[in-house]
Amino acid sequence: MKIGLIDVDGHHFPNLALMRLAAWHKQQGDTVEWWSGFTHYDRVYLSKVFTFTPDFSTVIDADEVITGGTGYQDYRDLPLEVEAAAPDYSIYPQYKRAVGFLTRGCVRQCPWCIVPRKEGQIRPAATWEQIKRPDSREIIFLDNNVLALEHGLEQIDRMGRETVWVDFNQGLDARLVSAQSAAMLARLHWIRFVRLSCDTSDMLPVVEQAAAYLQEAGVKIWRLWAYVLVQDVPDAHQRVLALERMGITPFAQPYRDFCGTEPSSEQKAFARWVNTRQVFKSCTWEDYNDSRRERNGR
Ligand code: SF4
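Residues numbered from 1 in each chain as written. Predicted model: local features only at pLDDT ≥ 70, side-chain atom pairs only at ≥ 80, totals over all residues.

A. A look at the overall build of the chain. Across its full length, the chain holds eleven helices and 13 strands. A globule of 298 residues ought to have a C-alpha radius of gyration of about 19 Å, and the chain, at 21 Å, matches this closely. Projected onto its principal axes, the C-alpha positions of the chain cover 60 × 55 × 35 Å. If you take every contact in the chain between residues at least 6 apart in sequence, the share linking residues at least 24 apart comes to 69%. (Helix = DSSP H or I, 4+ residues; strand = E, 2+ residues; numbered from the N terminus. Rg over C-alpha atoms; globule rule 2.2 N^0.38 Å. Contact = placed C-beta atoms within 7 Å.)

Right, dumping it as structure tokens:
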């Protein structure tokens, strides 16, 4: 079979589903390549992770077209045999790190979050050795709540004795950072940031306590970084300022509902202000917002 792949979100970050599909089809003796508009395919896969990515609108010449991923509001797993295939990183030659999940799912039910609906209860997914690439010592973990499962803590503990560099890029649950887990986290080699989440104002004292445990265990304050969900802008503003006072770098994420509805222009402007560090450091949100309104004639 001749298989075409389309990464609808672009090629900035490797798409695990497409890498597994590429590996599995190659094992079956199929030809796999990025889709080309000049070729007829037996089957084309389109994968879309983000709801806000515009859909692929070009006509596809194929006997069969299969779409999948959260961006299509499709929460099904890959077939078991495909899920078991090791990702084929050769389709993203520019990307040098391993990517994967130690755990899937989450123990919580935050109302704004798709994870409980999409992945269900937390469970082990892989060991760190299964995710590591033989040609790289860096691993990006996509876990949603790795500290909530003993299996995740075991992997962290074992990685602390290895020369691998890591990033948990979906953020760690600050409620589960204790003196013990902080000590394990401090033994890891971090690619850059130790990411936490601060999605409501109730989380501020929890994040502050987690930051204290991490610093006591030896993590430098400049490594601490936190996602800030932006629903109500004044509330998010207070959280951002409080995090900054703690020495934690905030990163604003405007809320999108499960259909991917566009955030308001104020939410987007607020995120631009927070996430452009030079601007954030040099002017207040009030000044930034006023000049934005003036530019827009409001
Ligand atoms: S803890 Fe994180 S992953 Fe779990 S439901 Fe809440 S936001 Fe989602």
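Now, onward.
B. Fine view of unusual backbone geometry. A positive phi is found at glutamine 73, a non-glycine position, where the angle reads about 55°. Note that glutamine 73 resides in the loop between strand S4 (62-68) and helix H2 (80-83). On the basis of neighbour count, glutamine 73 is assigned to the partly exposed category, with 13 C-beta atoms found within 10 Å. (Buried ≥ 20, exposed ≤ 12 C-beta atoms within 10 Å, placed from the backbone.)

C. Highlighting the nonpolar core. Residues Leu196, Val207, Leu214, Ala226, Val228 and Ala252 are the most contacted members of the largest nonpolar core, which totals 46 residues. Residues in contact with valine 207, not counting those within four places in the same chain, are Ala174, Leu196, Cys198, Ala226 and Ile248. The next biggest cluster of nonpolar side chains, apart from the first, holds 14 residues, and it includes Met19, Ala22, Trp24 and Tyr41. (Core = buried A, V, L, I, M, F, W, Y, C linked by C-beta atoms within 7 Å.)

D. Summary view of the environment of serine 47. For serine 47, the position within the fold is in strand S3 (residues 41-47). With 23 C-beta atoms counted inside 10 Å, the residue serine 47 sits in the buried group. The spatial distance from the C-alpha of serine 47 to the C-alpha of glutamine 170 is 20 Å, given a sequence separation of 123 residues. Beyond its immediate stretch of four places on either side in the chain, serine 47 contacts Asp7, Val8, Asn15, Ala17, Leu18, Gly68 and Gly69.

E. Quick peek at the sheet that holds strand S1 (residues 2-7). Ordered by their spatial adjacency, four strands build an open sheet running S2-S1-S3-S4, and the pairing between neighbours is parallel. Because the sheet does not close on itself, it has two edges, and the strands there are strand S2 (31-34) and S4. Geometrically, the sheet is characterised by an average inter-axis angle of 20° between neighbouring strands, direction not taken into account. The pairing of S1 with S2 spans four bridges and is parallel. If you follow glycine 4 over to S2, its bridge partner there is glutamate 33. (Pairing = 2+ DSSP bridges. Axes fitted to C-alpha atoms, helices over the stretch in contact; angles between N-to-C directions.)

F. Fine view of the sheet that holds strand S13 (residues 249-254). Across the sheet, three strands lie side by side as S11-S12-S13; this open sheet has parallel pairing. Two strands bound the open sheet, and with one partner strand each, they are strand S11 (194-197) and S13. Direction aside, the axes of adjacent strands within the sheet are offset by 30° on average. Where S11 meets strand S12 (residues 224-230), four bridges bridge the pair, whose relative direction is parallel. Each bridged residue has a counterpart across the sheet, and for arginine 195 the counterpart in S12 is tryptophan 225.

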